[in-house]
Amino acid sequence: MSTQLPRYWNPYAAGLALGIVLLGTFVLVGRGLGASGAFMRMVSLGVETVAPARVMANPVYRDAGDEAGGPMVNWLLLEVAGMAVGGAISAAAAGRWHAVVERGPTTRRPGRVLMAFAGGTVMAFGARLARGCTSGQALSGGAVLAAGSWVFMLALFAGAYGAVALSRKQWR
Amino acid sequence: MISPRAALWLALPIGAAFGAVLERAGLADPRKLAAQFTLTDLTVLKVMMTAIVTAAAGLFWLARMGWLDPAAVYLPPTYVLPQLIGGLIFGVGFVVGGYCPGTSCVAAAAGRGDALALIGGMLAGTFAFAELFHWIRPLFDATPLGPVTWYGLAGLSKGAGVALLVVGAVLAFALAERIERKRHSGRRRLAVATVAGSLALITAAAGGGPRTRNEAPRPTPSAAPHSVPPSPQPQQIPKWDSPIKC
């Protein structure tokens, strides 16, 4: 596999564009961007269809429901759906849409899929504990200079740099 | 600010813009994300910090001009210990999984099967957290400080906070460029422009600091229809404070 990265926007220009999207969201909606909250909402909806009583008994599910959060809980779901639409269009327009499992030349497909699944499980747990992820805490909370969001952001980088040895091999 | 109903209509286009920008920045590419942590390509840091500075400076100036009520912008509450531990756990999962939640959605939509696997893992992890919440709750609710900012905790004005942020970002960019050792002239010119623009911002923001600290009402009577009641910024009440917040 080629080690050459495809050509992307200049990171400062992309950051400026992302900042303008974020600023517009703050001004129009009164809150920032999010991602992991949508997964909380999906899980809560799933549990609700199977075992409604369980949702009422657990504040994590309950607060992800309509009554506690009002119409805004579905805002995240729609926003994340939009992310997929925007991402797919952008990738296709740039000729970067490929059905592929990204991995290094010495990593087998099942191994990479397993790593991704395990990483996602751990990451979601951390996001729920911290009340948000890279989007809701680091980016949006970071832009309003929230103390806890910066604690989260610095801890995130510390955790990632500390665990980079676990991950390096899958890209080589 | 628009009504929650109207905001719901904007969720999809806002998300599409967010997703498209992430894709264009290369952040749906797990190699690009991994490169941040092997210190070979610091795009993640540059994009994130530029976006944070842009939005923070924008919010500061919109509020100063009286076009935005700062109390209307959600300030997430701080819980030091769970956010510290959650961040560490999150970072480990991020580097192992290869994507963060937002970038995984974009990557999966761009055809990446490993991103789809990570989304499956996230659903499992979220479910596990909710089911184990009874035991996690003491940690989840530990060390609450309320909706506070770090500049507020340090006793600084908002202007000084934004100025410090810009200084920190410029230093981080300079360090990132050094680490990458990119010596392209075009790149350098852009970096110089960024630094110069940021310096102008710092001066302006620092100069505007003391006045916002006291939240003095704007003196011009012509601005009266736009003026908002003074509100102590750090003590604002979160509007959607719940564990699902992201």
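Everything numeric here is computed off the predicted structure, so don't read it as measured data.

Trainee: Could you give an account of the overall build of chain A, naming the residues involved and the relevant values?
Mentor: For chain A, the count of helices and strands is 10 helices and 0 strands. Reading the secondary structure of chain A in the N-to-C direction produces α-α-α-α-α-α-α-α-α-α. With the C-alpha coordinates aligned to their principal axes, the bounding extent of chain A is approximately 50 × 35 × 35 Å. Here chain A holds 172 residues, and 56% of them are scored as buried. For chain A, contacts bridging at least 24 residues in sequence account for 49% of all contacts bridging at least 6.

Trainee: Explain the nonpolar core residue by residue, including any values.
Mentor: Core analysis: the biggest nonpolar cluster contains 123 residues, and Leu22 of chain A together with Val21, Ala56 and Leu59 of chain B have the highest contact counts within it. The dominant element in this core, judged by the number of residues it contributes, is helix 3 (residues 43-64) of chain B, at 14 residues. Sequence-distant contacts of Ala56 of chain B, that is, excluding residues within four places in its chain, are made with Ala143 and Leu145 of chain A together with Val162 and Leu165 of chain B.

Trainee: Explain the interface of chain A and chain B residue by residue, including any values.
Mentor: With 122 residues of chain A at the contact, the number on the chain B side is 118 residues. Here the side of chain A that touches chain B takes 19 residues from helix 6 (residues 72-93) of chain A, the largest share from any one element. Considering only residue class, the side of chain A that touches chain B consists of 80 nonpolar, 32 polar and 10 charged.

Trainee: Please set out the packing of helix 8 (residues 134-143) of chain A against helix 9 (residues 147-162) of chain A residue by residue, giving values where relevant.
Mentor: Describing two packed helices takes the angle between their axes plus the distance from one axis to the other. Residue and element names in this part refer to chain A. Two elements in contact, helix 8 and helix 9, have axes whose closest approach is 8 Å; the angle formed by their N-to-C orientations is 135°. By the criterion of interaxial angle, the relationship of helix 8 to helix 9 is oblique. Of the two possible hands of crossing, helix 8 and helix 9 adopt the one that is left-handed. Taking contact as the criterion, the partners of Gln137, Ala138, Gly141 and Gly142 in helix 8 are, on helix 9, Gly148, Ser149, Trp150, Phe152, Met153 and Leu156. Here the residues of the contact of helix 8 with helix 9 are counted per class, giving 5 nonpolar, 5 polar and no charged.

Trainee: How would you summarise the packing of helix 2 (residues 30-37) of chain B against helix 3 of chain B if you had to cite specific residues and measurements?
Mentor: Residue and element names in this part refer to chain B. The N-to-C vectors of helix 2 and helix 3 enclose an angle of 90°; their axes lie 7 Å apart at closest approach. By the angle between their axes, helix 2 is roughly perpendicular relative to helix 3. Where helix 2 abuts helix 3, its residues Lys32, Leu33 and Gln36 lie against Thr43, Val44 and Leu45. The residue makeup of the contact of helix 2 with helix 3, split by class, is 3 nonpolar, 2 polar and 1 charged.

Trainee: With reference to specific residues and values, describe helix 9 of chain A.
Mentor: Residue and element names in this part refer to chain A. Compared with the 22 Å implied by 1.5 Å per residue over 16 residues, the 23 Å span of helix 9 between its first and last C-alpha is a close match. Across the 16 residues that make up helix 9, a large majority, 12, are buried. Along helix 9, the residues that are buried comprise Ala147, Gly148, Ser149, Trp150, Val151, Phe152, Met153, Ala155, Leu156, Phe157, Gly159 and Ala160.

Trainee: How would you summarise helix 4 (residues 80-97) of chain B if you had to cite specific residues and measurements?
Mentor: Between its terminal C-alpha atoms helix 4 of chain B stretches 25 Å, which fits the 26 Å expected from 18 residues at 1.5 Å a residue. Backbone geometry just downstream of helix 4 of chain B places Gly98 of chain B in the positive-phi region, at approximately 100°.

Trainee: Pulling in residues and values, what's your account of the environment of Gly97 of chain B?
Mentor: By the secondary structure assignment, Gly97 of chain B is in helix 4. Separated by 21 residues in the primary sequence, Gly97 of chain B and Leu118 of chain B place their C-alpha atoms 6.4 Å from one another. Not counting chain neighbours up to four residues away, the residues in contact with Gly97 of chain B comprise Met115, Ala116, Gly119, Gly120 and Met123 of chain A together with Leu118 and Gly121 of chain B.

Trainee: Before we move on, could you go through unusual backbone geometry and cite the residues and values that matter?
Mentor: Keep in mind that most residues, glycine aside, have a negative phi and that most peptide bonds are trans. Residues other than glycine seldom take positive phi values, yet Leu145 of chain A does so here, at roughly 60°. In this fold, Leu145 of chain A is placed in the loop between helix 8 and helix 9. Phi angles above zero are rare outside glycine, and Thr143 of chain B is one such case at about 45°. Mapped onto the secondary structure, Thr143 of chain B falls in the loop between helix 7 (133-140) and strand 2 (144-146). The exposure class assigned to Thr143 of chain B is partly exposed, which follows from the 14 C-beta atoms found within 10 Å.

The rules behind these values
Residues numbered from 1 in each chain as written. Chains lettered and ligands numbered in written order. Predicted model: local features only at pLDDT ≥ 70, side-chain atom pairs only at ≥ 80, totals over all residues. Helix = DSSP H or I, 4+ residues; strand = E, 2+ residues; numbered from the N terminus. Buried ≥ 20, exposed ≤ 12 C-beta atoms within 10 Å, placed from the backbone. Contact = placed C-beta atoms within 7 Å. Core = buried A, V, L, I, M, F, W, Y, C linked by C-beta atoms within 7 Å. Nonpolar A, V, L, I, M, F, W, Y, C, P; charged D, E, K, R; others polar. Axes fitted to C-alpha atoms, helices over the stretch in contact; angles between N-to-C directions. Parallel < 35°, antiparallel > 145°, perpendicular 65-115°, else oblique. Left-handed = near helix turned anticlockwise from the far one by under 90°. Expected span 1.5 Å × (residues − 1).

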